[in-house]
Amino acid sequence: MTGGVYRSRFRSGPRRARRRIAMAAGLTLACAIGLVTPTATRAGVATNSTADHTTFEELEGPFADGPSVTAACLHCHTNAAKQLHQTTHWTWRYDNARTGQTALGKQNVVNNFCISVQSNWPRCTSCHIGYGWEDASFDHASETAVDCLVCHDTTGAYTKPATTAGHPDPSLDLAEVARNVGPTSRANCGACHFNGGGEDGVKHGDLDTSLIDPDFALDVHMDADGLNFQCATCHTTGGHEVTGSRYAPTAIDRLGIDVPGHTDDTRATCESCHGLTPHESNSKLNDHTDRVACQTCHIPAFARGERMTKVRWDWSTAGRMNSDGKPYHEEGSHGYTTYTSKKGDFVWGADVTPTYHWFNGIIRYTKPGDTIDPADVVVINAVEGSADDPDSRIWPFKVMHSRQPYDAGQSVLALPHVFGQDDSAFWTNFDWPKALQAGMATQGIPFSGAYDFVETQTYWPLAHMVAPKDDALSCNECHAKRGRLADLTGFYMPGRDTFPWLTMAGWSLAGFTLLGTIVHGLVRIVATARARVRGG
């Protein structure tokens, strides 16, 4: 596991006192620049709504299904669905003008978890902000297919089963949920983002259900008894488009504190609140901010909450049966699944030390059909940057390691059809050739019939679970020969790097200095002794 394990200091300390300090300083700043407004709350989320949805006749119900609720919402919110149709949350597609790569996004890219959305739609689209995306023919122009409740429910009761293409649990009282909508919360966003990869905490490493009600030690901004930031506090929205992107992240922000209407109107960076010189009375730390991301020092470990995160997935072992010829699963002493016939072997980690990389915001994706070299590790989302690049800074990442199928006849990543009751779904028949043939056909990539497994990696930049400043990295954790940045090359770092000739010159100078001191001392001793003899 790259980076090893970092055992946390964060769960101890005078929690309440630290919260009060954070609230006094941080909340003042937050209110001053418009992050939050100290108004009445619902479910812990600041709100200044001028409408009481419990009084609306349109929401009395009963509602037969989710689209019926949306139709009622659209009576008042006439442009909401049209706005959502333009967002990446809806399209699951992203075109990156900076790299020239098009047709990225969740529905198109390859990953090293469940590998591919296409051909597995109903399972994957359970986390879509819509209803009924069951296959490639889904009508993205349908306004009533938009799911308003998944982002605005405040009851905590709204759920979408994992296999029904985004439709809500049929046992829910949808009218009750609709009458109790409000601003988005950590729980709303986390319903999908905490459970990416199919289970709580699996994918990102810095996002899991621990953040629904976190304490100060876990995240200084989201601390439920402190600043109580919601996701939208930083990931601000305009026309329902949420700022921040995994396909084109901002690696370095030179604009500084964001003043709405005057700068870029996004707070999805640390600098947009803390500025470019955030360390008061410490100019040496501020000297690092142009080369080191804030997250590098202030997120010293990931998976620090109540949940572990998956750090390795080996598909090559999937399909084994027990002695009765039936699928089975195994659990480790930590209570997490370590093997399942459907998916293979897993390795989990907690308090994991990040991997560090120079990063300039450019990520290039290995797309379906791209040629790979199976002799090397395939980096599915290669992050770019270097010490010589002024747009690069040192960032922390979770690196996900997997072993997944590839087409050995064409040297391309294979895209299995895993979910469904049909005979070609791997989770039904455990037949790799059938599953690969069906999955690749949905993307117009022929399957040669030959397959094997290849090592892959994906990089997940870390930006959540920000530790208290007292638990930030110390100087010696990086400025040391075997420190955290030992493998990061291309630059000179004091305390870690040496030049042999300079070391030799330094020790030689020190030796000559010592020798000169000794000689000088001896001369003084002899001279003093002679003077005493003459004087006697």
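Reading the values: the criteria
- Residues numbered from 1 in each chain as written.
- Predicted model: local features only at pLDDT ≥ 70, side-chain atom pairs only at ≥ 80, totals over all residues.
- Heavy atoms only, no water.
- Helix = DSSP H or I, 4+ residues; strand = E, 2+ residues; numbered from the N terminus.
- Buried < 20%, exposed > 50% of the residue type's maximum accessible area, 1.4 Å probe, protein only.
- Areas by Shrake-Rupley, 256 points an atom, 1.4 Å probe, with all protein chains shown as cover.
- Lys, Arg positive; Asp, Glu negative; His and termini not counted.
- Charge placed at Lys NZ, Arg CZ, Asp CG, Glu CD.
- Contact = heavy atoms within 4.5 Å.
- Domains from an automatic or database assignment.
- Core = buried A, V, L, I, M, F, W, Y, C linked by side-chain atoms within 4.5 Å.
- Phe/Tyr/Trp six-rings, centres within 6.5 Å; stacked < 30°, edge-to-face > 60°.
- Patch = residues over 30% accessible without salt bridge, like charges linked within 9 Å, V, L, I, M, F, W, Y side chains within 5 Å.
- Salt bridge = Lys/Arg side-chain N within 4 Å of Asp/Glu carboxyl O.
- pLDDT = per-residue confidence, 0-100.
- Pairing = 2+ DSSP bridges.

Participant: What's the story with the overall build of the chain in this structure? I'm lost.
Facilitator: Along the backbone of the chain there are 15 helices and 15 strands. Its C-alpha atoms give the chain principal-axis dimensions of about 120 × 60 × 45 Å. When each of the 536 residues of the chain is scored for burial, the buried share is 46%. By element, 55% of the accessible surface of the chain is carried by carbon and sulfur atoms, the whole surface being about 26000 Å². Positive and negative charge centroids in the chain, built from 46 and 58 side chains respectively, lie 12 Å apart.

Participant: Can you help me understand helix α2 (residues 66-73) in this one?
Facilitator: In an α-helix, one turn spans 3.6 residues, which is why side chains three or four residues apart end up on the same side. In terms of burial, α2 is a largely internal element, six of the eight residues being buried. Every buried residue of α2 is listed here: Gly66, Pro67, Val69, Thr70, Ala72 and Cys73.

Participant: Which parts of the structure should I look at to understand the side chain of Asp200?
Facilitator: With respect to the secondary-structure elements, Asp200 resides in the loop between α8 (186-193) and α9 (231-234). Residue classification places Asp200 among the buried positions, given a relative accessible area of 11%. Setting aside residues up to four positions removed in sequence, Asp200 forms contacts with Phe194, Asn195, Asp208, Thr209, Arg307 and Met308.

Participant: Explain the domain arrangement of the chain to me, please; I cannot follow it from the model alone.
Facilitator: When the parts come together, some accessible area is lost, and that loss is often what is quoted as the size of the interface. Along its sequence, the chain is carved into domain 1 (253-289) and domain 2 (500-536). Inter-centroid distance (C-alpha atoms) of domain 1 to domain 2 is 54 Å.

Participant: How should the nonpolar core be read in this particular structure?
Facilitator: Generally speaking, nonpolar side chains in soluble globular proteins are found buried as a group. Grouped together as the largest cluster of nonpolar side chains are 35 residues, with contacts concentrated most on Trp313, Trp315, Leu413, Phe426, Trp427, Trp432 and Met440. Listing elements by their share of this core, those giving two or more residues are β8 (344-349), β13 (393-407), β14 (412-413), α13 (426-429), α14 (432-441) and β15 (451-461). In terms of residue count, the dominant contributor to this core is α14 (four residues). Excluding anything up to four places from it in sequence, Trp427 contacts Cys114, Trp315, Lys342, Lys343, Val418 and Phe419. With 29 residues, the next largest nonpolar core counts Leu59, Phe63, Ala175 and Val177 among its residues.

Participant: I tried to follow the packing of aromatic side chains on my own but got confused; where do I start?
Facilitator: For any pair of aromatic rings, geometry is given as the distance between the ring centres together with the angle between the planes. Tallying each qualifying case throughout the model produces 22 aromatic pairs. With a centroid separation of 5.1 Å and an interplanar angle of 20 degrees, the aromatic rings of Trp313 and Trp315 are classed as stacked. Judged by relative accessible area, Trp313 falls into the buried class, the value being 0%. By relative accessible area, which is 0% here, Trp315 ends up buried. Each ring, one from Phe359 and one from Phe397, has its centre 5.5 Å from the other, and the planes form 75 degrees; the classification is edge-to-face.

Participant: Please clarify how a nonpolar patch on the surface should be interpreted in this entry.
Facilitator: A cluster of nonpolar residues, Phe512, Leu515, Val519 and Val523, forms a patch on the protein surface that exposes about 410 Å² of accessible area. Counting through the fold element by element, Leu515 comes out in helix α15 (residues 500-535).

Participant: Can you help me understand the pattern of salt bridges in this one?
Facilitator: It is possible for side chains bearing opposite charge to pair when their charged atoms get close. Applying the stated criterion to the full structure yields 15 salt bridges. A salt bridge links Lys160 to Asp147, with the shortest nitrogen-to-oxygen separation between them at 2.7 Å. Residue Lys160 is found in the loop between α6 (149-152) and α7 (174-178), and its partner Asp147 is found in the loop between α5 (121-124) and α6; the two are separated by 13 residues along the sequence. Accessibility assignment for this pair places Lys160 and Asp147 in one class, buried. Residue Glu384 is joined to Arg364 by a salt bridge in which the shortest nitrogen-to-oxygen separation is 2.5 Å. Placement of Glu384 in the loop between β12 (381-383) and β13 and of Arg364 in strand β10 (residues 363-365) is noted, with a sequence separation of 20 residues between them. Using a relative accessible area of 33% as the deciding quantity, one classes Arg364 as partly exposed. Salt bridges linked by common partners bring Glu199, Asp200 and Arg307 together as one network.

Participant: Honestly, the confidence of the model for the chain in this entry has me stumped. Any pointers?
Facilitator: Detailed reading of predicted coordinates is not advised where the pLDDT is low. This prediction gives the chain a mean pLDDT of 89; 90% of its residues lie at or above 70. Predicted confidence is poor over residues 1-44, with pLDDT under 50, and the contacts of this stretch with residues over four places away or in other chains come to 93 contacts.

Participant: In this structure, what is going on with the pairing of β8? I would like to understand it.
Facilitator: Each regular strand shows side chains that alternate between the opposite faces of the sheet. In terms of strand pairing, strand β5 (residues 309-314) meets β8 through five bridges, oriented antiparallel. Within β8, the residue paired with Thr309 across the bridge is Gly349. Here two bridges tie strand β7 (residues 337-340) to β8, and the two strands are oriented antiparallel to one another. Its bridge partner lying in β8, Tyr339 is registered against Asp345. If you look at the hairpin formed by β7 and β8, you'll find three residues sitting between the two strands.

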